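# Structural description and commentary
Below are the chains, spelled out letter by letter.
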Amino acid sequence: MPRTMFTDLVGCRLPVQQAPMGAISPPALARAVAAAGGLGTISVPPGGEAPADLVEQTDLPGGVFAVNLVGEGVALDTIRRAAAHVRVVDFFWSWPRRAAVDAVHAEGALASWQVGSLAEAVDAVDAGVDLVTVQGRGAGGHVRGDEPLGALLASVVAAVPVPVLAAGGIVDARSLADVLAAGAAGARLGTRLVATPESGAHPDYVAAVLAAGSGSTEITDAFAVCPLCATRPTARVLSSAVAAVRTLPEGGVGVLSTPDGEMALTRGHGMPPSRTVTGTVAAMALYAGEAVGAVSDVRPAGDVVAAMCRGADALLISAVPQPREPGGRER
């Protein structure tokens, strides 16, 4: 693909970033996207313990990587330690603050902020960020803003001088081409990468994504038992999960197995079901974006990213008027 402001700044070959999705996007997914030429993201759970340790202990081979830090009040020392190991430190679900950006820059890394409004994007640039990601209302997972992606992307691209990534509804070559043509320097991919072998999603979660059709998601507060939903309970999930959780009695919905033991998941817990979860998966937080109906198969993440970029490039080239010879024929 042709270079963009994003690829030039970050140093990757393809204008895509893998979205952070907690346990659904383990290091294997980040490595696969980075190996394909995109920006792989190490996902840190909201309120997770020692996120800097997680980054330091993750094997990061060739490629370009980011780490995602979410929520208010992430310690500056944590930010600096994480920034020492990756090219980009990515913030979400907190208002931009200069001290956090300065901590990233102190280690020679780039600072990125995912925003849900024009005002937040402008404040992020004022705080010194190197790039912003605009999240449209159609995105899966925790939704920051209220605007459709197209309108928000247009307003932010016109207002800020830094590269802008688009998030929410980019699942194929056409949707990638559309946001690039609208001025985005790249895109963040989430829902499409759930259906990959490198994803950490439970097989029943993947099956639900593949079975979903148009109009099969909604924004809900049904999975508000999580640090992010404690401040703004607006998460987009499969509607089937909302229906299923409402039929469950109060109590547990499943169990998460970890190296440190088992953790009971209560009804309405915001943790999406990973492969190490047992229980009523259909009634768990099955995060998915509005465009989930376009996800129809499981393919390696590297193949998904490469094919999407090749297809978007072809669509963009075909949309450019070709020079014509005298007499009206294309050269």
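Residues numbered from 1 in each chain as written. Predicted model: local features only at pLDDT ≥ 70, side-chain atom pairs only at ≥ 80, totals over all residues. Heavy atoms only, no water.

Moving on: the overall build of the protein. The number of helices and strands found in the protein is twelve helices and 14 strands. Over its C-alpha atoms the protein spans a radius of gyration of 19 Å, differing by no more than 12% from the 20 Å that the globule rule assigns to 331 residues. Projected onto the principal axes, the alpha-carbon positions of the protein cover approximately 75 × 45 × 35 Å. Across the 331 residues in the protein, those meeting the buried criterion constitute 52%. When the accessible surface of the protein is split by element, carbon and sulfur atoms take 54% of a total near 13400 Å². (Helix = DSSP H or I, 4+ residues; strand = E, 2+ residues; numbered from the N terminus. Rg over C-alpha atoms; globule rule 2.2 N^0.38 Å. Buried < 20%, exposed > 50% of the residue type's maximum accessible area, 1.4 Å probe, protein only. Areas by Shrake-Rupley, 256 points an atom, 1.4 Å probe, with all protein chains shown as cover.)

For the rest of this paragraph, the subject is unusual backbone geometry. Phi at Trp93 takes a positive value of approximately 65 degrees, unusual for a residue other than glycine. Along the chain, Trp93 falls in the loop between β4 (88-92) and α5 (98-106). Judged by relative accessible area, which is 4%, Trp93 ranks as buried.

This brings us to the sheet that holds strand β11 (residues 235-238). Across the sheet, three strands lie side by side as β7-β11-β10; this open sheet has antiparallel pairing. At either margin of the open sheet sits one strand with a lone partner, and together these are β7 (141-142) and β10 (217-220). In the sheet, β7 pairs with β11 via two bridges, with the strands oriented antiparallel. Note that in β11 the partner of His142 across the bridge is Ala235. Packing of helix α11 (residues 239-246) onto the sheet brings it into contact with β10 and β11, and relative to β11 it is tilted by some 85 degrees. (Pairing = 2+ DSSP bridges. Contact = heavy atoms within 4.5 Å. Axes fitted to C-alpha atoms, helices over the stretch in contact; angles between N-to-C directions.)

The next subject is the environment of Ala207. Within the secondary structure, Ala207 is located in helix α10 (residues 203-211). Among the residues examined, Ala207 registers a relative accessible area of 42% and is labelled partly exposed. As for Ala207 and Gly71, which are separated by 136 residues in sequence, their C-alpha atoms are 30 Å apart.

Tracing the sequence through the fold places Ser216 in the loop between α10 and β10. In this structure, the C-alpha to C-alpha distance between Ser216 and Val292, residues 76 residues apart in sequence, is 7.9 Å. Here Ser216 is in contact with Val237, Leu238, Ser239 and Val292, once residues within four sequence places are set aside. At 2.6 Å, the side chain of Ser216 and the backbone oxygen of Gly213 are in polar contact. (Polar contact = N/O pair within 3.5 Å; in protein donor to acceptor, adjacent residues only side chain to side chain.)

This brings us to the pattern of salt bridges. Under the definition given, this model contains ten salt bridges. When the shortest N-O distance is used, the salt bridge between Arg232 and Asp146 registers 3.2 Å. Placement of Arg232 in the loop between β10 and β11 and of Asp146 in the loop between β7 and α7 (149-159) is noted, with a sequence separation of 86 residues between them. With a relative accessible area of 26%, Arg232 lands in the partly exposed category. Between Asp297 and Arg192 there is a salt bridge, with the nearest N and O atoms lying 2.8 Å from each other. Residue Asp297 is located in the loop between β14 (277-279) and α12 (301-319), and its partner Arg192 is located in helix α9 (residues 191-194); the two are separated by 105 residues in the primary sequence. We classify Arg192 as buried; its relative accessible area is 3%. Among the charged side chains, a network of salt bridges with common partners joins Arg137, Asp146 and Arg232. (Salt bridge = Lys/Arg side-chain N within 4 Å of Asp/Glu carboxyl O.)

Our next topic: the side chain of Ser25. With respect to the helices, strands and loops of the structure, Ser25 is situated in the loop between β1 (16-18) and α2 (27-36). When its relative accessible area of 2% is taken as the criterion, Ser25 is described as buried. Other than its neighbours up to four places away in sequence, Ser25 contacts Gln18, Ala19, Pro20 and Ser43.

Val67, Ile170, Leu176 and Val179 are the most contacted members of the largest nonpolar core, which has 91 residues in total. Not counting the four nearest positions on each side in its chain, Val179 is found in contact with Leu149, Leu153, Ala166, Ile170, Ala184 and Ala187. Val64, Val88, Leu110 and Leu165 belong to the second largest nonpolar core, which has eleven residues in total. (Core = buried A, V, L, I, M, F, W, Y, C linked by side-chain atoms within 4.5 Å.)

Let us look at the pairing of strand β6 (residues 131-135). Most of β6 sits out of view: five of its five residues are buried. In this sheet, β6 lies alongside strand β5 (residues 110-115) in parallel orientation, the contact comprising four bridges. Following the sheet pairing, Trp113 is matched in β6 by Val132. Between the parallel pair β5 and β6, the chain is carried across by helix α6 (residues 118-126), and the sense of this crossover is right-handed. In this sheet, strand β8 (residues 164-167) lies alongside β6 in parallel orientation, the contact comprising four bridges. Counterpart to Val134 in the pairing with β8 is Ala166. (Right-handed = clockwise from strand over helix to strand, strands pointing away.)

What follows concerns the sheet that holds strand β12 (residues 252-258). Across the sheet, three strands lie side by side as β13-β12-β14; this open sheet has antiparallel pairing. A strand with exactly one partner marks an edge of an open sheet, and here the two such strands are β13 (261-266) and β14. Looking at each pair of strands side by side, their axes are set apart by 25 degrees on average, direction ignored. As judged from the three bridges shared by β12 and β14, these two strands associate in the antiparallel manner. In the sheet register, Leu256 faces β14, and the bridge partner there is Val277.

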